[in-house]
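# Chains, contacts and geometry: an overview
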Amino acid sequence: MNSAQKPQLNKLLEIIKVKQNLSEDDKLLIKKAYEFSEKSHSGQKRLSGESYFTHPFQSAISLAKWHLDVPTIVAALLHDIVEDTPATLEEIKKQFGEEIAFLVNGVTKLGKLKYRKINADESEKIKNLSENLRKMILAISEDLRVVFIKLADRLHNMRTLSAIPVAKQKRIALETSEIYAPLAYRLGMQNMAGELDDLAFPFIHPQEYRWLTENIKEKYDRRVAYLEKVKPVILEELKKNSIIPVVVDSRAKRISSLYKKLFRYNMNLDQIYDLVALRIIVNTIEECYAVLGIIHYLWPPVPGRIKDYIALPKPNGYRSLHTSVFCIDNKITEFQIRTKTMHEEAEFGIAAHWAYNQAKATKEFLDKKVSCADKIELKWVQQLRNWQQEFTDSQEFIKSLKVDFFKDRVFAITPKGEVIDLPAGSIPVDFAYQIHTQIGEQCVGAKVNGKIVPLDYQIQSGDVIEILTQKNKKSSESWLKSVKTSFARRRIKAAIRKDSKILRPPQTELRVVVNDRVGLIKDISAAISRSHINITNINLIKTSGLPVIKIACDIGDKEKAEKLLVKIKNIKGVREVSYKLISL
Ligand code: MN
């Protein structure tokens, strides 16, 4: 393939080739997508003034770096075409096939979701809503590769955020820090999550950002210079123990997490020991522990600061050993030790699977035990992990990236942007009751994505639903046929019961044991009528003994019932009478 005129395309291919063997067909497909996208977006500009094509191209570069497969990279090149150019999804399907069209369509669907900060006072509520939104993103995506494309898309948008209007910056930055960064984190992409947070931070907390950058520079430079003194000492000792590390480098604490930590320490920078940590990457787990031992031999550890995330990984799968020691000149210094595999996992998370073709490495990843701090919040991460464990080799895993663990849930959105999590098959009535019982009761209609729908419409994930209400409207019994949530069902039943109590006076059931004779029932009912009591039901029950007449009538109080009882007792043929008040 002659791509000499396209250095950019070559760059993309080079990155992919680091981990994957590309067939000639793959190369042609990527080239075709590259050219199709460049042509479709030609003439369009980003707000930064760059040609629009840089955006899908940079997204594809990220995905190539995360070692995602060819269809994902191709879909990234095409991801904004349906939304922003005259080309259609049909055309993509025709040119690039079902799989790529499916991925592009998934990204387009996600693009329609907008994060609106709702007016919630409690941070707990915001947390739940954000979690629901993250679940919804996964549910709508149906395939994790769609999520990865979205993350790559968001990463590039965040890197170029300063070019867009200020009013929009904050909304996008908030959405990034509350939805996408945690989503990346959950998928195990620790680094990417941190980068998104750092990119969002100056837009969310501009003053704090200024303060930090002004106050940290000198301290940071001194730390890096100091660690340059530590590095040869540790390297020398490792060599004596015949450990050759893959990398030893210093790693600055991310500004967003530094801010969170400083906040807890009254903004006192002297309290932060891990402003810059020394990171040691080795080949095996045994070496990790050996390095830890060597560090503690050289310098005494700070009590309580040793963290073994290898034995006990973080809920998102992060593994590493952390320790802080009283290092040269007695300065508290943090070390992070991990294997190359663990390092790649922290970088690429679940996507790291694409990188491994060796069954062994994959197995190591799948077998590890995950401790779960917050079981409820992290349930879906566990589901994701359990589901991964069903696959023994990475090829099979790639083929099965369908996100189907939310197949029994749908996520719908209120006009204010609140995400409502419902069982699949739910109808707008369920949605209405979930928002508020009163809204459920007064519900007369619903608009889904701006269009009126019947009340038994089956909600799809991502639907924006507006409930139309009418004052004094009552729950309808017919809803019981189609509602899915037991909450709505219970409320509707309760409302019907309440209504019937208002309409119908309290009931009493009379039980009359008789020696049956012609006209007896008539005589009894005549006696009741003379007392101006309404009979609502009457039944003659033949038993093995004497027949029993059961009469339901509108009597609400004991006194009235007792009086009636006396009258009935005096009727010829009546042997025994009893009554009970029945509540409906
Ligand atoms: Mn985009």
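Residues numbered from 1 in each chain as written. Predicted model: local features only at pLDDT ≥ 70, side-chain atom pairs only at ≥ 80, totals over all residues. Heavy atoms only, no water.

## Describing the sheet that holds strand β9 (residues 451-453)
- Here three strands make up an open sheet; going across it, the order is β9-β8-β10 and the pairing antiparallel. Where the open sheet ends on each side, the last strands, each with one partner, are β9 and β10 (465-469). Taken pair by pair, the neighbouring strands of this sheet meet at an average axis angle of 35°, ignoring direction.
- Where strand β8 (residues 443-448) meets β9, three bridges bridge the pair, whose relative direction is antiparallel. The residue of β9 that forms the bridge with K447 is I452.
- The strands touched by helix α20 (residues 428-435) are β8, β9 and β10; relative to β10, the strand with the most contacts, the crossing angle is about 80°. (Pairing = 2+ DSSP bridges. Helix = DSSP H or I, 4+ residues; strand = E, 2+ residues; numbered from the N terminus. Axes fitted to C-alpha atoms, helices over the stretch in contact; angles between N-to-C directions. Contact = heavy atoms within 4.5 Å.)

## Quick look at the coordination of the manganese ion
- Only H55 (NE2), H79 (NE2), D80 (OD) and D153 (OD) from the protein coordinate the manganese ion, and they sit 2.0 to 2.3 Å from it.
- Sequence positions of the residues that donate to the manganese ion give the spacing H-x23-H-D-x72-D. Assigned by exposure class, H79 and D80 land together as buried. (Donors = N, O, S within 2.8 Å, 3.2 Å for Na, K, Ca; no water. Buried < 20%, exposed > 50% of the residue type's maximum accessible area, 1.4 Å probe, protein only.)

## A short note on unusual backbone geometry
- Phi angles above zero are rare outside glycine, and N330 is one such case at about 65°.
- Within the secondary structure layout, N330 lies in the loop between β4 (321-326) and β5 (332-339).
- If you check the backbone angles, N449 has positive phi at about 50° while not being a glycine.
- Positionally, N449 belongs in the loop between β8 and β9.
- Note on N449: relative accessible area 47%, which makes it partly exposed.

## Some remarks on the pattern of salt bridges
- Considering all chains together, one arrives at 23 salt bridges under this definition.
- A salt bridge links K27 to E24; its shortest N-O distance comes to 3.2 Å. Taken together, the positions of K27 and E24, both in helix α2 (residues 24-40) and three residues apart, correspond to about one turn of that helix.
- Here K27 falls in the buried class, since its relative accessible area comes to 17%. (Salt bridge = Lys/Arg side-chain N within 4 Å of Asp/Glu carboxyl O.)

## Re the nonpolar core
- Counting 72 residues, the largest nonpolar core has L12, I30, W66, L78 and L151 as the members making the most contacts within it.
- No other element matches the nine residues that helix α9 (residues 144-159) contributes to this core.
- Counting residues in hydrophobic clusters, the runner-up holds 34 residues, among them L212, V230, V248 and V291. (Core = buried A, V, L, I, M, F, W, Y, C linked by side-chain atoms within 4.5 Å.)

## Observations regarding the packing of helix α4 (residues 70-77) against helix α7 (residues 98-111)
- Interhelical geometry of α4 versus α7 gives an angle of 55° and a closest axis separation of 9 Å. Considering the angle they form, α4 stands oblique to α7. α4 and α7 meet at a crossing whose hand is right-handed. Residues P71, T72, V74 and A75 of α4 touch α7, and the partners they reach there are E99, I100, L103 and V104. (Parallel < 35°, antiparallel > 145°, perpendicular 65-115°, else oblique. Left-handed = near helix turned anticlockwise from the far one by under 90°.)

## Points about the pairing of strand β7 (residues 419-423)
- With four of five residues buried, β7 is to be regarded as a mostly interior element.
- Counting the residues in the hairpin turn of strand β6 (residues 409-413) and β7 gives five residues, including G417, whose phi is positive at 95°.

## Looking at the side chain of Q169
- On the secondary structure map, Q169 appears in helix α10 (residues 166-186).
- Taking relative accessible area as the criterion, Q169 reaches 9% and is therefore assigned buried.
- A distance of 3.3 Å separates a polar atom in the side chain of Q169 from the backbone oxygen of S162.
- Q169 has contacts with L161, S162, I164 and F203, leaving out every residue within four places of it along the chain. (Polar contact = N/O pair within 3.5 Å; in protein donor to acceptor, adjacent residues only side chain to side chain.)

## A few points about the sheet that holds strand β1 (residues 247-252)
- Strand order in the open sheet formed by five strands is β1-β2-β5-β4-β3, and the pairing between neighbours is mixed. Pairing within the sheet leaves two strands with one partner each, and these edge strands are β1 and β3 (307-308).
- Note: β3 against β4, two bridges, orientation antiparallel. Bridge pairing in β4 links K307 to H322.
- On top of the sheet, helix α15 (residues 340-348) reaches β2 (276-282) and β5; it is set at about 100° to β5, its chief contact.

## Here we look at the packing of aromatic side chains
- For the structure shown, the criterion picks out nine aromatic pairs.
- Aromatic side chains F53 and F57 sit 6.1 Å apart centroid to centroid with 35° between the ring planes, which places their arrangement in the tilted category. Here F53 and F57 have matching classes, each one buried.
- Positioned over the ring face of F96 is K32, at 5.0 Å from the centre of the ring.
- A cation over a ring is seen here: K331 above Y226, with NZ or CZ 5.0 Å from the ring centre. (Phe/Tyr/Trp six-rings, centres within 6.5 Å; stacked < 30°, edge-to-face > 60°. Lys NZ or Arg CZ within 6 Å of the ring centre and 35° of its normal.)

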